[in-house]
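These are the residues of each chain, in order.
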Amino acid sequence: MKNEAEKVFEALGDSGRLTVLTGAGISAESGISTFRDSGGLWDQYEIDDVATPEAYAANPSLVQDFYNMRRAHLGTVQPNAGHRALGRLEELLGDRFTLITQNVDDLHDRAGSRRLLHMHGELYKARCADCGVAVEWRTDISLDDRCESCSGSMRPHIVWFGELPFYLEREIPEACGDSAVFFSIGTSGMVYPANTLVSQVKARGGFCVEINLEKTAGPGVFDLQIEGKAGETLPLLIAELEALL
Ligand code: NAD
Ligand code: ZN
């Protein structure tokens, strides 16, 4: 991994910014099923039945149950070495570092990441469907739960398909806009608009690295592709990088 770390270090320089995008793959080794890999939770549900505003309007209790189940499961899993390596990278780079995650779990938070943008929301929050206020929420959300400010109904603080992700107006474009290095980790690149971030960085000359079990795009997109489990490859890469920084 020394060779790979040297390439990253060369692209980063003394003052370059590094932005990371993670997807479900980084949490797979913690025991949270990914979206498209077979054998997981998502095999048992149709996306259209549980992860769209239309589904919530048609069958709110099914949607609440689905997220209540995921929220309860989250309490039984732990961050893995991949999450922790990214926490360490943030310690090393400080405000040159931003982590954008598509994951709604809190495993990056628990592994120490703070410069962290949950673009698709957070399982441990509920949001008022009327006034939009989001509050910390660790237990089941019921259809009877009401907003403290306006008495609206509470829904999962999750960006469903067809809804606009968070932080797209300022924080994400800022982080990607001047990144010398971009890591895309454990994401299939199928979900818009997260899958456009790498090409934005690339178009401005940034050095783009993919870490995944398999290549999701060709060398036209990524300058470096590291195949393997994020929980195994990331700690090695970041330890080598630490030795150079
Ligand atoms: P995805 O399921 O579409 O893709 C997962 C990717 O991770 C695949 O490319 C796979 O090859 C790779 N992968 C699997 N195990 C890996 C490992 N150990 N190390 C490295 N890579 C590994 O996930 P996505 O691209 O994040 O898109 C799915 C959408 O579903 C997102 O919007 C996300 O919000 C949501 N989702 C979130 C969670 C979570 O919060 N943990 C879980 C499932 C789905
Ligand atoms: Zn409200």
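Check the entry above for the structure.
Since we're looking at a predicted model, the values are computed, not measured.

1. Some remarks on the coordination of the zinc ion (ligand 2)
The protein atoms that coordinate the zinc ion (ligand 2) are Cys128 (SG), Cys131 (SG), Cys147 (SG) and Cys150 (SG), at distances of 2.3 to 2.4 Å. Given 4 donor atoms and angles of 98 to 116 degrees at the metal, the environment of the zinc ion (ligand 2) is assigned as tetrahedral. All donors of the zinc ion (ligand 2) belong to a single chain; written as a sequence motif, their spacing is C-x2-C-x15-C-x2-C. Note that Cys131 is positioned in the loop between β4 (121–128) and β5 (134–136) and Cys150 in the loop between β5 and β6 (154–158), a separation of 19 residues in sequence. A relative accessible area of 42% means that Cys131 is categorised as partly exposed.

2. Description of helix α6 (residues 81–93)
Under the 1.5 Å per step criterion, the end-to-end length of α6 is 18 Å for 13 residues, consistent within 8% with the ideal 18 Å. Measuring from the backbone nitrogen of Gly82 back to the side-chain oxygen at the start of α6 gives 2.7 Å, which picks out Asn80 as the cap. Two residues or fewer past α6, Gly94 is found with a positive phi of approximately 60 degrees.

3. What about the nonpolar core?
Counting 26 residues, the largest nonpolar core has Val8, Leu18, Leu86, Leu89, Phe183 and Ile185 as the members making the most contacts within it. The set of elements that each furnish at least two residues to this core consists of α1 (2–12), β1 (17–22), α6, β2 (97–101), β7 (179–185), β8 (207–212), β9 (224–227) and α10 (230–244). Residue contributions to this core peak at 5 residues, all from α10. In contact with Leu86, not counting residues within four places along its chain, are Val20, Thr22, Ile26, Phe97, Leu99, His108, Ser113, Ile185, Leu234 and Ile238.

4. Thoughts on unusual backbone geometry
Outside of glycine, negative phi angles account for most residues, and trans bonds account for most peptide bonds. In this model, Tyr192 is joined to Pro193 through a cis peptide bond whose omega is 0 degrees. Despite not being glycine, Ser151 has its phi angle at roughly 65 degrees, a positive value. Looking at where Ser151 falls in the secondary structure, it is placed in the loop between β5 and β6. Phi at Tyr167 takes a positive value of approximately 70 degrees, unusual for a residue other than glycine.

5. Side note on the sheet that holds β5
In sheet architecture, strand pairing relies on hydrogen bonds along the backbone and comes in two forms, parallel and antiparallel. As summarised here, the arrangement of the 3 strands in space is β5-β4-β6, forming an open sheet in which the pairing is antiparallel. Of all the strands in the sheet, the pair left with one neighbour each is β5 and β6. The mean angle between the axes of side-by-side strands here comes to 45 degrees, regardless of whether they run parallel or antiparallel. Inspection of the sheet shows β4 paired to β6 by 5 bridges, in the antiparallel sense. Paired with Ala126 across the bridge in β6 is Pro156.

6. Quick look at the packing of aromatic side chains
For the structure shown, the criterion picks out 5 aromatic pairs. Taken together, a centroid distance of 6.4 Å and an interplanar angle of 70 degrees make the contact between Phe166 and Tyr167 edge-to-face. One aromatic cluster is present, formed by Tyr45, Tyr56, Phe66, Tyr67 and Trp160 through successive ring pairs. Taking NZ or CZ as reference, Arg138 lies 4.0 Å from the ring centre of Tyr124, over its face. The cationic tip of Arg155 hangs over the ring face of Trp160; the distance from NZ or CZ to the ring centre is 3.9 Å.

7. Focus: the sheet that holds β1
What the 6 strands build is an open sheet, ordered β3-β2-β1-β7-β8-β9; its pairing is parallel. A single partner strand is all that each edge strand has here, and the edge strands are β3 (116–118) and β9. Direction aside, the axes of adjacent strands within the sheet are offset by 15 degrees on average. With 3 bridges connecting them, β2 and β3 associate as parallel partners. Following the sheet pairing, Ile100 is matched in β3 by Leu117. Packed on one face of the sheet, α6 meets β1, β2 and β7 and runs near 150 degrees to β2. Each of β7, β8 and β9 touches α10; the most contacted strand, β8, lies at about 140 degrees to it.

8. Examining the side chain of Ser179
Take Ser179: it is sitting in strand β7. On the basis of relative accessibility, which here comes to 7%, the residue Ser179 falls in the buried class. Look past the residues within four positions of Ser179 in its chain and what remains in contact with it is Arg17, Leu18, Thr19, Val201 and Gly206.

Thresholds applied
- Residues numbered from 1 in each chain as written.
- Chains lettered and ligands numbered in written order.
- Predicted model: local features only at pLDDT ≥ 70, side-chain atom pairs only at ≥ 80, totals over all residues.
- Heavy atoms only, no water.
- Donors = N, O, S within 2.8 Å, 3.2 Å for Na, K, Ca; no water.
- Tetrahedral: all angles 85-135°; square planar, octahedral: opposite > 155°, others 65-115°.
- Helix = DSSP H or I, 4+ residues; strand = E, 2+ residues; numbered from the N terminus.
- Buried < 20%, exposed > 50% of the residue type's maximum accessible area, 1.4 Å probe, protein only.
- Expected span 1.5 Å × (residues − 1).
- Polar contact = N/O pair within 3.5 Å; in protein donor to acceptor, adjacent residues only side chain to side chain.
- Core = buried A, V, L, I, M, F, W, Y, C linked by side-chain atoms within 4.5 Å.
- Contact = heavy atoms within 4.5 Å.
- Pairing = 2+ DSSP bridges.
- Axes fitted to C-alpha atoms, helices over the stretch in contact; angles between N-to-C directions.
- Phe/Tyr/Trp six-rings, centres within 6.5 Å; stacked < 30°, edge-to-face > 60°.
- Lys NZ or Arg CZ within 6 Å of the ring centre and 35° of its normal.

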